[in-house]
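If you want the building blocks of each chain, they are given just below.
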Amino acid sequence: MNNVYKLKIFDFEGPIEKLVELIEDKKLEINELSLAQITADFLNYLENLTSQIQSEENKKQYLQILSSFVVMASRLIFIKSKSLLNFNLEKDEEEEKAIKDLEHRLRWFKEFRPALKIIKNLWLKNIIFSRSYLEKKFLVSHIFAPGNLKDAFFAPEYLNKIFGEFEKILKEEKTLAKNIISLEEKIKSLLAHFKLVQETNFSKLSENASRQELIVTFLAILHLAREGLISLEQNGYFSDIIIKKRNHE
Amino acid sequence: MNESNKNKKLAELEALLFIYGEPISFKKISEVLEITEDDALKLVEDFKESLEGENRGLILLFSEEKIQIGTKPEFSSILEKLIKKEISEDLTPASLETLALILYFSPISRSKIEYHRGVDSSFILKSLLLRGLIERYPDPKMPNAYLYVPSFNLLRHLGISKKEDLPDYQKFNELNKKFEEGKLVQEDANHLSENIIENINQEEQNKSQ
């Protein structure tokens, strides 16, 4: 029961906080020189993370997170190599800007860092208790039977909300599936159609079509007309579009 | 509202908050109690004051146009005595970074959180949403983007009635404003962080006494 609501998530300090920590450990100011000095430490940290991720079950999903660290590491190596080589590397304005931006972010985070300690100190020290709406609680406890209060702590009153979110996601997936009618497919099917018929009209083509399909059909017709494969005729505003196949001599 | 009507409505509000338990919007309060939203605001303010006395054990929480009733943070140990168990669950480094940003600078976008942390934060945000510690709503200025705010659940875990009650809330927001304007003078910053660290140390001393 204890693990019912637990979501396992691989978790570590972000690159910015880690850099601020490394710089502060060495009692350095935030500038290019100190960034060069802590490059090796940051690379160690990255290596450590990578080996931890290797042992994780779903390591693929962490690659996105890891990539931010790799970008940061490459920037540090660039800074380091600049400081080691005693001549000016070709000026790369974009890279210079990125380094300035990085310093700016590090200064910001250094000032903000005490806030993390404040939150850590407050966390679960003096909890304010309240309870969920009786009816909902009744429902939830009958379906999910939360174990002790510690497990239930994070969940019952939010379960409804979570299920609401899931429903939204499920619905979204449905519409996405319907959406997929590619223009290319439509054009192909129209070309096949015109092998059989000489003339048709838009309402016939879009019979029973969904809104999305209607739009794709319309785009496909415009495309074919531009290519000179069909001609379009409309005898009045909002009247049906007559589509004729153009025969090339 | 005259005096006797007001007292009646105050009592009704107390009963409503007790029954409902969960966060409730001012709009809903005004509908249920059949008063205007303005009156609901005033009523809640009066009720909040009436709870401030030492002989009261309850407190009101505020966030995003909603309120909730809860027990005052100083009585948190009562529950631990009841269940004879200490409640503990550590905050991981990524949670701590993300929650601190959301608490001090909400409503805040994912891109801003990622800018300050320097790392993709979609997983940690999802995890915090699932644990009910944060909430999000669509950004009115940006389609397909969300703004993240602390949940009542989070406020209760921290024992604060609203996010503005966090220590140094104003200071960090001023600091952030300066940074965004790109005007932060290094001296200012040093001074500021010294002050903040001093405050923390002071608090820790008070606690250990």
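This text gives an overview of the structure that appears in the document.

What counts and how
Residues numbered from 1 in each chain as written. Chains lettered and ligands numbered in written order. Predicted model: local features only at pLDDT ≥ 70, side-chain atom pairs only at ≥ 80, totals over all residues. Heavy atoms only, no water. Pairing = 2+ DSSP bridges. Helix = DSSP H or I, 4+ residues; strand = E, 2+ residues; numbered from the N terminus. Contact = heavy atoms within 4.5 Å. Buried area = accessible area lost by both parts, 1.4 Å probe. Salt bridge = Lys/Arg side-chain N within 4 Å of Asp/Glu carboxyl O. Polar contact = N/O pair within 3.5 Å; in protein donor to acceptor, adjacent residues only side chain to side chain. Buried < 20%, exposed > 50% of the residue type's maximum accessible area, 1.4 Å probe, protein only. Axes fitted to C-alpha atoms, helices over the stretch in contact; angles between N-to-C directions. Core = buried A, V, L, I, M, F, W, Y, C linked by side-chain atoms within 4.5 Å. Phe/Tyr/Trp six-rings, centres within 6.5 Å; stacked < 30°, edge-to-face > 60°. Lys NZ or Arg CZ within 6 Å of the ring centre and 35° of its normal. Parallel < 35°, antiparallel > 145°, perpendicular 65-115°, else oblique. Nonpolar A, V, L, I, M, F, W, Y, C, P; charged D, E, K, R; others polar.

Attention now moves to the pairing of strand E2 (residues 230-234) of chain A. All names here are of chain A. One ladder, built from five bridges, connects E2 with strand E3 (residues 241-245); its direction is antiparallel. Across the sheet, the residue bridging to Gln234 is Ile241, located in E3. A loop of six residues connects E2 with E3, the two strands running antiparallel in sequence, and Phe238 in this loop sits at a positive phi of about 60°.

Each partner contributes to the interface: chain A provides 54 residues, whereas chain B provides 74 residues. Between chain A and chain B, roughly 6,300 Å² of surface is buried when both sides are summed, and carbon and sulfur atoms account for 63% of that area. For the chain A face of the interface with chain B, the top three residues by lost area are Trp108, Trp123 and Ile128 of chain A, together amounting to 13%. Our count for the contact surface shared by chain A and chain B stands at zero salt bridges. Across the chain A-chain B interface, the total number found is 14 residue pairs in polar contact (both at pLDDT 80 or more).

This next bit is on the pairing of strand E6 (residues 146-150) of chain B. Residue and element names in this part refer to chain B. Among the five residues of E6, four are classified as buried, and the element is accordingly described as predominantly covered. By the bridge criterion, two bridges tie strand E4 (residues 108-109) to E6 in an arrangement that is antiparallel. In the strand pairing of E6, Ser109 is matched with Leu147.

Another point: the sheet that holds E3 of chain A. All names here are of chain A. With antiparallel pairing, three strands are arranged side by side in an open sheet as E1-E3-E2. One side of each edge strand has no neighbouring strand; the edge strands of this open sheet are strand E1 (199-201) and E2. Between one strand axis and the next, the sheet turns by 25° as a mean value, whatever way the strands run. Across the face of the sheet, helix H9 (residues 183-196) comes into contact with E1, E2 and E3 while running at roughly 70° to E3. Each of E2 and E3 touches helix H11 (residues 211-226); the most contacted strand, E2, lies at about 120° to it.

Another aspect to go through is the nonpolar core. If you look at the biggest cluster of nonpolar residues, it comprises 72 residues, and the most contacted ones within it are Phe69, Leu106, Phe112 and Ile119 of chain A together with Tyr104 of chain B. With eleven residues, helix H5 (residues 93-122) of chain A is the largest single contributor of residues to this core. In contact with Phe69 of chain A, not counting residues within four places along its chain, are Phe12, Glu13, Gly14, Pro15, Phe42, Tyr45, Leu46 and Leu49 of chain A together with Val119 of chain B. Counting 19 residues, the second largest nonpolar core, distinct from the first, contains Tyr20, Ile24, Leu33 and Ile67 of chain B.

All names here are of chain A. Counted under the stated rule, the structure contains 29 salt bridges over all chains. Linking Arg226 and Glu227 is a salt bridge whose minimum nitrogen-to-oxygen distance equals 3.6 Å. Given a relative accessible area of 46%, Glu227 falls into the partly exposed group. What you see here is one network of salt bridges that share partners, running through Glu13, Glu17, Lys18, Glu21, Glu24 and Arg113.

Now for the packing of aromatic side chains. Taken as a whole and judged by the stated rule, the model has 15 aromatic pairs over all chains. Measuring from centroid to centroid gives 5.6 Å for Phe112 of chain A and Phe172 of chain B, while their planes differ by 75°, and the two rings are edge-to-face. Separated into two different chains, Phe112 of chain A in helix H5 and Phe172 of chain B in helix H9 (residues 169-180) make up a pair that spans both. What makes Phe112 of chain A buried here is its relative accessible area of 0%. Taking relative accessible area as the criterion, Phe172 of chain B reaches 0% and is therefore assigned buried. Through a chain of ring-to-ring contacts, the aromatic side chains of Trp108, Phe109 and Phe112 of chain A together with Tyr104, Phe105, Tyr169 and Phe172 of chain B assemble into a single cluster. For the cation-ring pair, Lys18 of chain A lies above Tyr45 of chain A, with the distance from its terminal atom to the ring centre recorded as 4.4 Å. The positively charged end of Arg136 of chain B is found above the aromatic ring belonging to Tyr146 of chain B, 3.7 Å away from the centroid.

All names here are of chain B. Where helix H1 (residues 3-20) contacts helix H3 (residues 37-50), the two axes come as close as 10 Å, and the packing angle between them is 80°. Considering their axes alone, H1 and H3 lie roughly perpendicular with respect to each other. For the pair H1 and H3, contact is made by Lys6, Lys9, Leu10, Leu13, Glu14 and Leu17 and by Leu43, Val44, Asp46 and Phe47, respectively. A per-class count over the contact of H1 with H3 returns six nonpolar, no polar and four charged.

All names here are of chain B. Reading across from one edge, E1-E3-E2 is the order of the three strands in this open sheet, with antiparallel pairing throughout. Edge positions in the sheet fall to strand E1 (24-25) and strand E2 (58-63), since each has one partner strand and no second. Both E1 and strand E3 (residues 66-71) contribute to a ladder of two bridges, which runs antiparallel. Within E3, the position partnered with Ile24 by the bridge is Ile67. Across the sheet, H3 is in contact with E2 and E3; its angle to E2 comes to roughly 140°.

Turning next to unusual backbone geometry. A cis amide bond, omega -5°, links Ser106 of chain B with the succeeding residue Pro107 of chain B. Relative to the helices and strands, Pro107 of chain B is located in the loop between helix H5 (93-105) and E4. In this structure, Leu124 of chain A is a non-glycine residue whose phi angle is positive, near 60°. The residue Leu124 of chain A is located in the loop between H5 and helix H6 (134-144) in this model. If you check the backbone angles, Asn144 of chain B has positive phi at about 65° while not being a glycine. Take Asn144 of chain B: it is sitting in the loop between strand E5 (134-138) and E6. Taking the relative accessible area as the measure of exposure, Asn144 of chain B reaches 80% and is therefore exposed.

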